[in-house]
Amino acid sequence: MDLFLIGSLFFLFGGIAVIFIGENYKSKIYIVFSAVANILALPAVFNTLISGESYIWSYIFSFPIGKVNFVLDPLSAFFALIILIGSFLASCYSAGYMKMYIGKNAQLSAYHFFLGLMSTSMIFVVVVQDAILFLISWELMSIASFFLVTFENEKIEVRKAGIYYFTSMQIGVAFLIAGFAWISSLSGSLDFNSFNEVFIKYNHLSIFFFLLFFIGFGTKAGFIPMHTWLPRAHPAAPTSISALMSGVMIKTGIYGILRIILLMDIIPASLAYFVLLIGLITGIVGIANAISQHDFKKLLAYSSIENIGIIGIAIGLGMIGKAYGNDLVAGFGFLGVLLHTFNHFTFKSALFYGAGVVYSQTHTRNIDLLGGLAKHLPKTSIMFLFATVAISGFPLLNGFVGEFFIYSGLAKSFSIQNIGVSILAILGISGLAFIGSMAMITFTKLFGLTFLGMSRSEFHTVPEEKNNFMLFPMSILVVFMFLVGLSPITIIYLLLKVLPMFSPHFTLSGYIDLLSLINSITISLAIFLLFIVVIYNLRKLLISKRSIKKFKTWDCGYQGVTSKMQYTSGSYAHPFMQLISKLVPIEINVEKESALFPKEASLKSSSLDVSEGLIIQPIISALRKFMDLFSWIQSGRMQQYIIYGLIFLLVLLIWILGVEL
Amino acid sequence: MIKIILTLAVLSLAPMFVGVINKVKAIWAGRHAASIFQPYYDLLKLFRKGEVISTTTSFVFEIAPSINLAAVIFALLFTPFPYIGAVLKFDSDFVIFAYSLGLAKFFLVIASLDTGSSFEGMGANREVTFSTIVETAFFVLLGTLAFITNQTSFEQMFIMLNSSANYTLLIKLLFVVSLFIMLLAEGSRVPIDDPNTHLELTMIHEVMLLDYSGVNLAFMVFASQIKMLVIALLISNFLIPLNLPITLALLLCLVSIFLIYLCVGLVESLIARTRISHVPQFLFLMTALALTSFAIVAFFTHGGIK
């Protein structure tokens, strides 16, 4: 067995090993295992990414599975890279974050076991090229993450969120099973490679195949309207798990969609339009909901939906390129997909890790109770700031690079000279800009109200950064953000063997000189960095001889300023939410007693997810109505159930006899 | 080399054009006008002063003006001069142009939230709200420009636009008007914002700078002056006809920018400022114009939708 597969199993080994270790050392031992897993598995990953050679391991299992191919091709390797690094960072973070559960009778063994199982199954998802084993890995990944989400299962809202998440995953996998069953019944084999022929032979059906897979994988990724589990599961899960789920796990959905696109030879233009539009809607609705959230983990969950939307736009763009035979557009589209997938992994994980530091110190997720944390948590706040700048897509950090290529590809798709494509391209360009400007509202709010200003409530203990295990993963991610942001070639170099899988002629010196484009970006950004340094030092020089006075914030002469007078999460978002009140209505409940003297009053505002109310709720209620018709079957009496069993057996007997006769 | 000289010229002329606006307003109102060089004196005065920094603030407050100014100057490097082109140019450089202006705004906004003042929070949320409309419309314009010209670099876009077919006259008009609205919005001028108001409750841009003083305030003010000139320079690219001697073109560019600022001054003299709640409606005009220009281009390029 190869080192790569052993390495990926090491996460699971670690999870099993720590069961037998004392509570205080579980996390630290697990870090060792995940580090070993990385050391064993990364060489193969890098080798595949750089040389472009695929590793194939074939094993023959007993009856239901049969011969299975594990294939590490460049696409798998790229996702495996994210999973490996992401899992390692999550294990480091756990060592700090889970400390607060030590000695509180929490199920830390189960936590580490399922963390290991999740990491291993995620790697298997991206390397298994066999329908049955793929579905098994996929389900193991969902089950492991379900148990991790419900770690704090003594809380009712956590249990509710967990069951909601699990149900969503089962609905998603039902579509995958349907898709795989249909396609493998046509191909006569469970091997992914045989599916390619089905897509060519049954070309007229390929839209239906794709839609089944898109719904199935899209549920995991979080495309609207299958996104409803994200804003529930992320706040419920421990932060280390939210980061792993949002940064890494939802990308397996993207991997699935990309794999299906690879297997499809011909892409109908209508599908490309569909994916681009779904991506656009996902991005806009996702970020519009994020703006109005008060719970920062829910905000980050909605922002994950937004970023999946951006990736969706890029996938749609790549598919348009393929559908119209324009390699350049396809190349830029899929380059955007892969870059944004990696970038989102870095900044979203960092944001969740930062949020976890805040939560572990303040024990609240409500932005309205926070503020002024930059003074208490200086390192966290500066890394959090980098992550917010990156996720808003501004230059110098990596978020910009991914969006740059998507914009560029969209602008290039005008050359296809098709009215449909042109309209979609302008929708995509302006939609991305709209998403970007809404992201600015979201993240100025998140960073500005959480870390800046004055604290909106009193903390029992002064927040402080005492745990380097929690800061280490963030700092690694910030390094990635700057590395990719300032010199995109570092990551694009690893993608050079992945991209030709989608767009055969896309190389560094293909249609346009990609290398010189990337170099110009790097040089420009270096100039920008130089400007900042020069101007900052100019100021230092200018004020060096002047007096710097410290005084309280100017409030027009009013002296009784309190922290309650600051803008809150609701009021900061209010002007914009008014503009989009049709898209995201805000519900405000005021409880006020009218009496002569003021009494205690309360105000609660919450936003409604319209996409959920419009699409998901009607389906659920219709389904429930239909299922109610059969509710009489469930009487709760054992005797009746035994009768059902007997009737079933009888019918079966008659049928078999009938067939034989 | 000439590009760098021109860039430096833009940097040094930025305050003067604001002086032009003030001059126009004063003359229109029948007041005795301050010199058009007054903004330089103001900046110089600020550069020589010490600072008062709020005790509420953190590191963000101190670094934000430097990043703001750097980002705006960086955006200037991508703005093409008529006939001569931009200092930095590459494929799809319009994205980096728009996003570095966005970065400037990002730091302006979080710096204002850093003071913990409710006035500044108010300015901040207005700024980000209005910029969603402006930015989206701006990208529709940029996309349309890429569509007409089949180019993705700013410089090439303008070269192609100025040398292509006749119907672009209408497009140019739409572009100029919608970019002019953007100039008013980004420059925080009437009718979106009033730079001369003395009531914090009605301010947008000014209120975000309330707590700044000395060098940092000078940086912020200078950055917003440059930002205005950058957009004016973009507009002037649409106004310069083709096939002129280069010196005449540059002179014409200067004159057109002067006229744009004159228009800003006239707008400020003639139009009252809109109610804050009605500002989005005014800004949607820019979106409408941008979409119209796209529709026209799509119609002509594809010979009508059959």
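Residues numbered from 1 in each chain as written. Chains lettered and ligands numbered in written order. Predicted model: local features only at pLDDT ≥ 70, side-chain atom pairs only at ≥ 80, totals over all residues. Heavy atoms only, no water.

### Focus: the overall build of chain A
Counting its secondary structure elements, chain A contains 24 helices and 5 strands. The principal-axis extents of the C-alpha atoms in chain A amount to approximately 100 × 70 × 55 Å. Every one of the 661 residues in chain A was classed for burial, and the buried ones make up 57%. In chain A, of all internal contacts separated by at least 6 residues, the share reaching a separation of at least 24 is 78%. Put simply, chain A shows about 26,100 Å² of open surface, and 68% of that area lies on carbon and sulfur atoms. (Helix = DSSP H or I, 4+ residues; strand = E, 2+ residues; numbered from the N terminus. Buried < 20%, exposed > 50% of the residue type's maximum accessible area, 1.4 Å probe, protein only. Contact = heavy atoms within 4.5 Å. Areas by Shrake-Rupley, 256 points an atom, 1.4 Å probe, with all protein chains shown as cover.)

### Let's talk about the overall build of chain B
Within chain B, the secondary structure is distributed over 11 helices and 1 strand. Start at the N end of chain B and walk to the C end: the helices and strands fall as α-α-β-α-α-α-α-α-α-α-α-α. Summarising its shape, the C-alpha atoms of chain B cover approximately 60 × 40 × 40 Å along the three principal directions. Relative to its 306 residues, chain B shows a buried fraction of 66%. Here the contacts in chain B between residues at least 6 apart in sequence split such that 79% fall between residues at least 24 apart. Taken as a whole, chain B presents about 10,600 Å² of accessible surface, with 70% of it coming from carbon and sulfur. Averaging the positions of the 16 positive and the 17 negative side-chain charges in chain B gives two centres separated by 9 Å. (Lys, Arg positive; Asp, Glu negative; His and termini not counted. Charge placed at Lys NZ, Arg CZ, Asp CG, Glu CD.)

### Remarks on the nonpolar core
Generally speaking, soluble globular proteins have nonpolar side chains that are buried together. Residue and element names in this part refer to chain A. Phe-4, Phe-78, Phe-210, Ile-254 and Phe-405 are the most contacted members of the largest nonpolar core, which totals 342 residues. When residues in this core are grouped by element, the largest group, 19 residues, is from helix H13 (residues 327-362). There are two domains that each give this core at least three residues, and those are domain 1 (269-505) and domain 2 (577-628). (Core = buried A, V, L, I, M, F, W, Y, C linked by side-chain atoms within 4.5 Å. Domains from an automatic or database assignment.)

### Overview of the interface of chain A and chain B
One frequent convention defines the size of an interface as the accessible area lost when the parts assemble. With 80 residues of chain A in contact, the opposing surface of chain B contributes 80 residues. Taken over both partners, the interface formed by chain A and chain B buries close to 6,800 Å², and the fraction arising from carbon and sulfur atoms is 74%. For the pair chain A and chain B, the number of links is 3 salt bridges. Across the pair Glu-62 of chain B and Arg-539 of chain A runs a salt bridge, and its minimum N-O distance is 3.7 Å. For the interface between chain A and chain B, the tally reads 19 residue pairs in polar contact (both at pLDDT 80 or more). Looking at the side of chain A that touches chain B, the elements with two or more residues in it are helix H14 (373-376), helix H15 (378-391), helix H16 (398-412), helix H17 (419-451), helix H21 (514-543), strand E3 (548-551) and helix H22 (569-579) of chain A. (Buried area = accessible area lost by both parts, 1.4 Å probe. Salt bridge = Lys/Arg side-chain N within 4 Å of Asp/Glu carboxyl O. Polar contact = N/O pair within 3.5 Å; in protein donor to acceptor, adjacent residues only side chain to side chain.)

### Some remarks on the state of the cysteines
Disulfide: a covalent bond formed between the sulfur atoms of two cysteine residues. All names here are of chain B. Counted according to the given criterion, the structure contains 0 disulfides over all chains. Not engaged in a disulfide, the cysteine Cys-253 finds its nearest cysteine sulfur in Cys-263; these two sulfurs lie 15 Å apart. Judged by relative accessible area, which is 5%, Cys-253 ranks as buried. (Disulfide = S-S within 2.5 Å.)

### Some details on helix H18 (residues 468-486) of chain A
Over its 19 residues, H18 of chain A runs 26 Å from end to end, which matches the ideal 27 Å to within 8%, given 1.5 Å per residue. Buried within H18 of chain A are the following residues: Met-470, Leu-471, Pro-473, Met-474, Leu-477, Val-478, Phe-480, Met-481, Val-484 and Gly-485 of chain A. (Expected span 1.5 Å × (residues − 1).)

### Observations regarding the packing of aromatic side chains
Geometrically, a pair of aromatic rings is defined through the distance of the ring centres and the angle of the planes. Following the criterion strictly, the structure yields 70 aromatic pairs over all chains and no others. Aromatic side chains Phe-400 of chain A and Phe-404 of chain A sit 5.7 Å apart centroid to centroid with 45 degrees between the ring planes, which places their arrangement in the tilted category. Note that Phe-400 of chain A and Phe-404 of chain A are positioned in helix H16 at a spacing of 4 residues, about one turn of the helix. Centroid distance Phe-97 of chain B to Phe-154 of chain B: 5.1 Å. Interplanar angle 75 degrees. Geometry classified as edge-to-face. Taken together, the residues span a long stretch of sequence, with Phe-97 of chain B in helix H4 (residues 93-114) and Phe-154 of chain B in helix H6 (residues 154-162) at a distance of 57 residues. Taken individually, Phe-97 of chain B and Phe-154 of chain B each receive the classification buried, so the pair is uniform in this respect. Sitting above the plane of the Trp-138 of chain A ring, Lys-220 of chain A keeps its charged end 5.5 Å from the centroid. Seen from the ring of Phe-332 of chain A, Lys-412 of chain A lies directly overhead, with NZ or CZ sitting 4.6 Å from the centre. (Phe/Tyr/Trp six-rings, centres within 6.5 Å; stacked < 30°, edge-to-face > 60°. Lys NZ or Arg CZ within 6 Å of the ring centre and 35° of its normal.)

### Examining the domain arrangement of chain A
Residues and elements named next belong to chain A. For chain A, the domain assignment lists domain 1 (269-505), domain 2 (577-628) and domain 3 (630-661). Here the C-alpha centre of domain 2 lies 28 Å away from the C-alpha centre of domain 1. The interface of domain 1 with domain 2 comprises 9 residues on the first partner and 10 residues on the second. Together, the buried faces of domain 1 and domain 2 total about 690 Å²; carbon and sulfur atoms form 61% of this surface. On inspection of domain 1 and its partner domain 2, the count reaches 0 salt bridges. At 5 residues, the largest contribution of residues to the side of domain 1 that touches domain 2 is made by helix H11 (residues 269-291).

### Here's the deal with the pattern of salt bridges
Overall, the coordinates contain 13 salt bridges over all chains when judged by the stated rule. The shortest N-O distance in the salt bridge between Asp-73 of chain A and Arg-259 of chain A comes to 2.9 Å. With a gap of 186 residues between them, Asp-73 of chain A in the loop between strand E2 (67-72) and helix H3 (74-97) and Arg-259 of chain A in helix H10 (residues 239-263) connect regions that are remote in the sequence. Residue Asp-73 of chain A is classed as buried on the basis of its relative accessible area, which comes to 8%. Judged by relative accessible area, Arg-259 of chain A falls into the buried class, the value being 5%. Residue Glu-268 of chain B pairs with Lys-25 of chain B through a salt bridge whose shortest N-O separation is 2.6 Å. With Glu-268 of chain B in helix H10 (residues 246-270) and Lys-25 of chain B in helix H1 (residues 2-29), the pair connects residues that are 243 residues apart, well separated along the chain. With a relative accessible area of 8%, Glu-268 of chain B lands in the buried category. Accessibility expressed as a relative area gives 11% for Lys-25 of chain B, which makes it buried. Overlapping salt bridges, with partners in common, bring together Arg-539 of chain A together with Glu-51 and Glu-62 of chain B in one network.

### As for the packing of helix H3 (residues 59-78) of chain B against helix H9 (residues 214-239) of chain B
Residue and element names in this part refer to chain B. Axis separation between H3 and H9 bottoms out at 9 Å; the angle between their running directions is 20 degrees. When the interaxial angle is binned, H3 and H9 end up roughly parallel. The hand of the H3/H9 crossing is left-handed. Counted together, Phe-61, Glu-62, Ala-64, Pro-65, Ser-66, Asn-68, Leu-69, Val-72, Ile-73 and Leu-76 of H3 and Asn-216, Phe-219, Met-220, Phe-222, Ala-223, Ile-226, Lys-227, Val-230 and Leu-233 of H9 form the full contact between these two elements. In terms of residue class, the contact of H3 with H9 is built from 14 nonpolar, 3 polar and 2 charged. (Axes fitted to C-alpha atoms, helices over the stretch in contact; angles between N-to-C directions. Parallel < 35°, antiparallel > 145°, perpendicular 65-115°, else oblique. Left-handed = near helix turned anticlockwise from the far one by under 90°. Nonpolar A, V, L, I, M, F, W, Y, C, P; charged D, E, K, R; others polar.)

### A few points about the environment of Met-501 of chain A
The topology assignment puts Met-501 of chain A in helix H20 (residues 499-502). The residues contacting Met-501 of chain A, other than those within four sequence positions of it, are Asp-73, Pro-74, Leu-75, Arg-259, Leu-262 and Lys-322 of chain A.

### Focus: the packing of H17 of chain A against helix H5 (residues 118-149) of chain B
Taken N-terminus to C-terminus, the directions of H17 of chain A and H5 of chain B make an angle of 155 degrees; their axes are 8 Å apart at the nearest point. Considering the angle they form, H17 of chain A stands roughly antiparallel to H5 of chain B. At the point where H17 of chain A passes H5 of chain B, the crossing takes the right-handed sense. Together, Ser-422, Ile-426, Ile-429, Ser-430, Ala-433, Phe-434, Ser-437, Met-438, Met-440, Ile-441 and Thr-444 of chain A of H17 of chain A and Val-128, Thr-129, Ser-131, Thr-132, Glu-135, Thr-136, Phe-139, Val-140, Gly-143, Thr-144 and Phe-147 of chain B of H5 of chain B make up the contact between the two elements. Of the residues in the contact of H17 of chain A with H5 of chain B, the class split is 11 nonpolar, 10 polar and 1 charged.

### Topic: the side chain of Lys-3 of chain B
All names here are of chain B. Along the chain, Lys-3 falls in helix H1. Buried within the structure, Lys-3 lacks any salt-bridge partner; Glu-155 is the closest side chain of opposite charge, at an N-O distance of 4.7 Å. At 3.2 Å, the side chain of Lys-3 forms a polar contact with the backbone oxygen of Ala-86. If near-sequence neighbours (up to four positions away) are discounted, Lys-3 is found in contact with Phe-81, Ile-84, Gly-85, Ala-86, Val-87 and Lys-89.

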